[in-house]
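Breakdown of the fold
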Amino acid sequence: MSRESRIALPATLGEWIQGWILEDGEALVSHCVDWWGCVSVRSGASGDEKALPPKARRALALAAERFALDRPVAATLENPLPASLGLGSSTVDVAGILGACALLAEKDLSEEEHFALCCAVEPSDGIVFRGLALVDHLRGRLVERLPAAPPLWTAALLPRRTLDTEDYRKDPARMRAVRNRADRHR
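Below you will find a few notes about this structure. (Residues numbered from 1 in each chain as written. Predicted model: local features only at pLDDT ≥ 70, side-chain atom pairs only at ≥ 80, totals over all residues. Heavy atoms only, no water.)

Concerning the pattern of salt bridges
If you walk through the whole model with that rule in mind, you get ten salt bridges. The structure contains a network of salt bridges with shared partners spanning Asp24, Asp136, Arg139 and Arg141. (Salt bridge = Lys/Arg side-chain N within 4 Å of Asp/Glu carboxyl O.)

Dropping the structure here:
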């Protein structure tokens, strides 16, 4: 018998703030906006896992293991967010798969647990939290819940160049520059 679950998550237009904020590392506050991606997972149905982006495949494997899902499980991504522009597109895919699989397995998943699982796949935006949250996006932990943002309008200018989260983290010069601005970030 096939079962299905579906989850929707918001995009983020980068961060309210990101940098070497903590004594021992980086943190960020995601700037979530009303632009959504959806993920559906279905048990008892085979899908083409190879058609999924690599991070989504890793999330599906982690979810199957963590939630003891009977295979096969198929994931469908309905994500209109352009990749590698700072919109959280891969976090929508990863968090969507993990959250939908938890629902499918009828497992309770707190926001903190959900975020930690996302960060086990890749450094992740804080889109799984209701409201603003300062998060350690590398170690997968909530640092602090923050007050609501004031009402505002946001305009987004999307760059032509792209940058993958994992590639960003591999550049030693960029990481030194982030660390050197720690006083400003705090």
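Description of the packing of helix 1 (residues 54-66) against helix 2 (residues 89-104)
Orientation of helix 1 relative to helix 2, taken along the N-to-C sense of each, is 20 degrees, at an axis distance of 9 Å. Classified by the angle their axes make, helix 1 and helix 2 are roughly parallel. You can see that helix 1 and helix 2 cross each other, and the crossing is right-handed. Seen from helix 1, the contacting residues are Lys55, Ala56, Ala59, Leu60, Leu62 and Ala63; seen from helix 2, they are Ser90, Asp93, Val94, Ile97, Leu98 and Cys101. (Axes fitted to C-alpha atoms, helices over the stretch in contact; angles between N-to-C directions. Helix = DSSP H or I, 4+ residues; strand = E, 2+ residues; numbered from the N terminus. Parallel < 35°, antiparallel > 145°, perpendicular 65-115°, else oblique. Left-handed = near helix turned anticlockwise from the far one by under 90°. Contact = heavy atoms within 4.5 Å.)

Observations regarding the nonpolar core
General note: in soluble globular proteins, nonpolar side chains tend to be found buried as a group. Counting residues in hydrophobic clusters, the biggest one holds 36 residues, and the most contacted among them are Val41, Leu60, Phe67, Ile97, Leu98, Cys101 and Val128. Those elements giving two or more residues to this core turn out to be strand 1 (4-22), strand 2 (25-43), helix 1, strand 3 (73-78), helix 2, helix 3 (111-121) and strand 4 (133-136). No other element matches helix 2, which puts nine residues into this core. Leave out the neighbours within four places in its chain, and phenylalanine 67 touches Leu98, Cys101, Ala102, Ala105, Lys107, Leu109 and Leu117. Leu22, Ala27, Leu132 and Leu134 belong to the second-largest nonpolar core, a separate cluster that totals six residues. (Core = buried A, V, L, I, M, F, W, Y, C linked by side-chain atoms within 4.5 Å. Buried < 20%, exposed > 50% of the residue type's maximum accessible area, 1.4 Å probe, protein only.)

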